[in-house]
Amino acid sequence: ATLVGTTLAAPIDRAAIADQVRAAAWFSSNVVLANDGVNYFSANENPLLHTWTLGVEYQLVLFLPALMVALAWISKRFALPDASSDAHRHGITRTIVAGVAIAGLLSLGVAVWTSASAPAWAYFGPHTRLFAFAVGALLAFFVGGSQSIFAANRSITIAQAVGIGAIVVASLVYDRSMPYPGAITIVPVLGTALLLAAGSVGAHTSVGRVLSASPLTWLGRVSYAWYLWHLPLMVLGAVFMPGIGPWARLACGAFALVPAWLTQKYVEQPMQARALPRLVRLDPFLSAVVASLVIALAAQAVASRAARHVNRTVHATFAAARADRMEHSCWAKSIEELPDTACAFGARQSSTRLIVLGDSHAEHWLAGLDRAGREHNWRIEARVMGGCPVSDLSELTHGATARRFRECSRFREAMLQQIVAERPRAVLLSSFDDYMARSGNAGGEFQVSEDVWREGLRRTYARLAAAGIPVVAFRGTPRVPFDVPTCLSRRAARLPFATDCTFVPDRLFMSRAQHAQDDAARGLGVHFVDMNDALCATATCATMRNGLVLFTDDNQLTATFTRSVGSILGDRINLALGGSPR
C-alpha cells in the first residue's frame, strides 16, 4: 500500500494513504476512521479502509484474555476456602462464562443504542463488535475436537442448515440503510455460531460434506489474504480506469484472488513454517512492536514528504479544492440536531429573506448566494441536510430507500412548516438529480423511479405554491465520472494512466431530470434557474478553468467557483422573482 501510495496514487492522496498505513501498523485504523466519521460505504478512494477489521480484532484479542483473567481472579478471590480443586475450577469456569456472556449482551445493547446517535463509532468501534467475539469465546468452552453441542447427526444437520440460511439471508437482505451493528447483528452471528457449534463432528453430515469440499476449503484458506488484497485492487482499478462501474470494480476484486493465492503460498506459509517459530522463540512481543514501529516510521516519513511536496507545488491548489466549501455550521444532522442559530448569509440585516432548502447541492451554492445576497440586499438563510433532496419521498414506506429517507422526510416536513409560517420573500430549492434513477425505473440503491421523483417534486412545489410563497428551483449540475482533485493531481504529476480530466456530461439524463422538474411544476408558477452554461457551455467540459478548480469531488461545486458566478446567479434569481435586469 505504501508503494502504491508513493508511486501511482495522486500526490494529494499520498499523505492520507501513508497515515492509514501508520494506523494499520498500530492496529488502530478503526479508531481513526471512527474519529473522522468515515462512512465505510462512501470512502471509495481509501485502499486501506478494510484494515479497520485488523484493529478491532487485535484490540479484542487483547481485551478478552484480560477480561477472563480478571474474572478468574474474582472467582478465586471469593471462592470458599475449603472447596476442592475441582470446585475451584468449575467456579472459575462458571464466572468466566457468565462474565463473557454479560459483556457480550452489554456490547449488543451499546451497538443498538449508538447505531443511530454515533454510527461511525458503532460501525468501527470494538465495543460494539465485542458481542460477536463473546459468542465465539463462549463456544470455545463447549466445542472442541470431537465435542459438539448437539448430540445427534440429525440435530447437527438442521443446525448447520439453519446457520447457513441465517448467513445467506443477512447477506441478501441487509443493506446499508439498516443500523449495523445493532439488533440485526444477532442473525448472522447466531448463524455462524450454529455452524461452529457442530464442532469437527459436523464434517460428517450432508451439509458438512458440502462445506468440506476441496474448492471451498481452498477458498477458505486464501480467504483472508483475498480480503486484504481485494480493496486495494478495486481502488487501484478506479485509479487506472476513472469512472468504472460496480461490475468492473467487482472484477478487480475477483482478480485479487490471484495475488491472494500467491502471497498465501509463497509468503504466508513459509513465514508460518520458518520465520514465526524463530520469532516466538526469541521474543514475540518485542518482535511485533519492532515490526509495527518500523512500518509506522516509514509511513510517517512518506506522509511528511508527501505533505511538503503538495504544499510547495501546484498540487496545493488541488488539495485546497477538496475543502473548498463555505464555512458555516448549518448542516442539520437530524430533526433533533438542527443548528442552534440562524444560518444567514448575504445582507444579513436585510428584511428581504430568501430561504434555500435542500441537500449538499443546495449547500454548494451558498458562497454564490452570499455574494448575490450582498449585491441585491437579500438575507439568505440555509436549511440544508446532507443526502436529503427537496423531492417529497415520504410516501415511500417500505424497503431500503424508505428507511434511508425517513429522517430526511421528517426534516423536510419540519422545514416546510417553518417556511410556510415565516413566509419569506422566496424559497430557493436545490438538490442532486441522482436520487432519480438514470434508467427511468427504480435503479441503484436509494434511487427512485422518474415517476416517483416527479411526484415528490410536485408535492413540495405545490405545498409552497399553495402558501403563496414564490419558488425558484435550481437545475441540477452534472456528475463527473471521477474525483476531480485526484484526477487533476495525477495529471499534473504525469502519472501512468492519467487523463486530461475533461468529461462529457450525461445530457440525456440531465434533460430527463429537467423534464421531471417541468412536469412537476406545471401550473404552479415555479421558476427555474439554470447555471450549467456558466459551468460548461460546450460538449466536453473542463474541470479546471483559469486556474480555478470547479469541483470538490465528483459532483459538488467549489465555493470559489460558485462565488465567482454569484453575480450571474443573483441576476437570474432576481429575474425569476420578477425583478428588472441590471
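Everything below is about the structure shown above.
A brief structural summary. Within every chain, residues take consecutive numbers counted from 1 along the sequence as written. In keeping with the predicted nature of the model, local features appear solely for residues at pLDDT of at least 70, side-chain atom pairs appear and are counted solely at 80 or more, and the whole-chain, interface and lining totals rest on all residues. Neither water nor hydrogens contribute to the side-chain values; these are computed over all heavy atoms in the structure.

1. Some words on the nonpolar core
So, step 1. Within the largest apolar cluster, 50 residues are counted, with the highest numbers of intra-cluster contacts made by Leu369, Phe474 and Ile573.
So, step 2. Examining the composition of this core, we find that four residues originate from one element, helix α17 (residues 366-376), more than from any other.
So, step 3. Contacts are assigned to residue pairs that have any heavy atoms within 4.5 Å of one another. Ignoring any residue separated from it by four or fewer positions in sequence, one finds Phe474 in contact with Trp365, Leu369, Leu428, Leu429, Ser430, Gln517, Val529, Leu569 and Ile573.
So, step 4. Here, nonpolar core means buried Ala, Val, Leu, Ile, Met, Phe, Trp, Tyr and Cys residues that are tied together by side-chain atoms lying within 4.5 Å of each other. Burial here depends on accessible area, computed with a 1.4 Å probe over protein chains only, as a share of the maximum for the residue type. Under 20% is buried, over 50% is exposed, and the range in between is partly exposed. In this structure, Cys388, Leu393, Tyr435 and Phe509 belong to the second largest nonpolar core, which totals 33 residues. Helix and strand labels come from DSSP, where a helix needs a run of H or I of at least four residues and a strand needs a run of E of at least two; each type is numbered from the N terminus.

2. Some remarks on the environment of Pro389
So, step 1. Assignment of secondary structure puts Pro389 in the loop between β3 (379-384) and α18 (399-404).
So, step 2. On the basis of relative accessibility, which here comes to 2%, the residue Pro389 falls in the buried class.
So, step 3. As for Pro389 and His90, which are separated by 299 residues in sequence, their C-alpha atoms are 60 Å apart.
So, step 4. Apart from residues no more than four positions distant in its own chain, Pro389 is found in contact with Asp359, Phe405, Cys408, Arg412, Ser431, Tyr435 and Trp453.

3. Quick word on the sheet that holds strand β5 (residues 471-474)
So, step 1. Only strands that DSSP links by at least two bridges are regarded as paired with each other. Spatially, six strands are ordered β1-β3-β2-β4-β5-β6 in an open sheet, and the strand pairing comes out mixed. Unpaired on one side and paired on the other, β1 (344-346) and β6 (527-529) mark the two borders of the sheet. With strand direction ignored, the average angle separating the axes of adjacent strands in the sheet is 30 degrees.
So, step 2. Inspection of the sheet shows strand β2 (residues 353-358) paired to strand β4 (residues 426-430) by five bridges, in the parallel sense. Looking at the pairing, Gly358 lines up with Ser430 of β4.
So, step 3. Packing against the sheet, helix α25 (residues 566-576) makes contact with β2, β4, β5 and β6, and its axis sits at approximately 170 degrees to β6. To obtain an axis, a line is fitted to C-alpha atoms, over the contacting stretch when the element is a helix, and the angle between two such axes runs from 0 to 180 degrees between their N-to-C directions.

4. Focus: the pattern of salt bridges
So, step 1. Between Lys or Arg on one side and Asp or Glu on the other, a salt bridge is scored when a side-chain nitrogen of the former is within 4 Å of a carboxyl oxygen of the latter. If you walk through the whole model with that rule in mind, you get 27 salt bridges.
So, step 2. Between Glu363 and Arg325 there is a salt bridge, and its shortest N-O distance comes to 2.6 Å. With Glu363 in helix α16 (residues 360-363) and Arg325 in the loop between α15 (315-322) and β1, this residue pair connects regions lying 38 residues apart in the sequence.
So, step 3. Judged by relative accessible area, Glu363 falls into the buried class, the value being 3%.
So, step 4. Bridged by salt links that share partners, the residues Arg353, Arg379, Glu381, Arg383 and Glu422 form one connected network.

5. Thoughts on the packing of aromatic side chains
Geometry of an aromatic ring pair is reported as the spacing of the ring centres plus the angle between the planes.
So, step 1. Stacked, tilted and edge-to-face are the three classes applied to pairs of Phe, Tyr and Trp rings, where Trp contributes its six-membered ring and a pair requires centres within 6.5 Å; stacked means planes under 30 degrees apart, edge-to-face means over 60, and tilted covers the rest. Considering all chains together, one arrives at 11 aromatic pairs under this definition.
So, step 2. Measuring from centroid to centroid gives 6.0 Å for Trp365 and Phe474, while their planes differ by 80 degrees, and the two rings are edge-to-face. With Trp365 in the loop between α16 and α17 and Phe474 in strand β5, this residue pair connects regions lying 109 residues apart in the sequence. By the burial criterion, Trp365 is buried, and Phe474 matches it.
So, step 3. Look at Phe503 and Phe551: their rings are 6.2 Å apart centre to centre, the planes differ by 80 degrees, and that puts the pair in the edge-to-face class. With Phe503 in the loop between α21 (484-492) and α22 (507-521) and Phe551 in the loop between β8 (548-549) and α24 (559-564), this residue pair connects regions lying 48 residues apart in the sequence. With respect to burial, Phe503 and Phe551 carry one shared label: buried.

6. Topic: the packing of α17 against α25
Two packed helices can be described by the angle between their axes and the distance between those axes.
So, step 1. For the pair α17 and α25, the least separation of the axes is 8 Å and the interaxial angle reads 65 degrees. The two elements α17 and α25 meet at a crossing, and its hand is right-handed. Counted together, Gly368, Leu369, Arg371, Ala372, Glu375 and His376 of α17 and Gly566, Ser567, Leu569, Gly570, Asp571, Ile573 and Asn574 of α25 form the full contact between these two elements.
So, step 2. The class makeup of the residues in the contact of α17 with α25 is four nonpolar, six polar and three charged. By definition, any crossing whose near helix is turned counterclockwise from its far helix by less than a right angle is left-handed, and any crossing with a clockwise turn is right-handed. Any residue that is not Ala, Val, Leu, Ile, Met, Phe, Trp, Tyr, Cys, Pro, Asp, Glu, Lys or Arg is counted as polar, Gly included; the first ten are nonpolar and the last four charged.

7. A look at empty space enclosed by the protein
So, step 1. Computed over the protein atoms alone on a 1 Å grid, cavities are sets of points where a 1.4 Å probe fits but cannot get out and pockets are open sets with protein on both sides within 12 Å along at least five of seven lines; a residue lines them when it has an atom within 4 Å of a point. Grid points are joined across faces, edges and corners, and a volume is the space filled by probe spheres set on the points. All told, the structure shown has three cavities of 30 Å³ or more when counted by the stated rule.
So, step 2. Computed from the structure, the largest cavity encloses a volume of approximately 60 Å³.
So, step 3. Forming the boundary of the largest cavity are Val390, Leu429, Ser430, Ser431, Asp433, Trp453, Leu457, Tyr461, Ala473, Phe474 and Gln517.
So, step 4. Contributions of two or more residues to the lining of the largest cavity are made by β4, α20 (450-466) and β5.
So, step 5. For the lining of the largest cavity, the leading source of residues is α20, giving three residues.
So, step 6. Of the residues assigned to the lining of the largest cavity, the class counts are seven nonpolar, three polar and one charged.
So, step 7. Approximately 50 Å³ is the volume found for the second largest cavity.
So, step 8. Lining the second largest cavity are Phe432, Asp433, Asp434, Arg438, Thr477, Pro478, Arg479, Asp506, Phe509 and Met510.
So, step 9. Residue composition of the lining of the second largest cavity, grouped by class: four nonpolar, one polar and five charged.

Bear in mind that shape data such as this cannot, by itself, settle questions of function.
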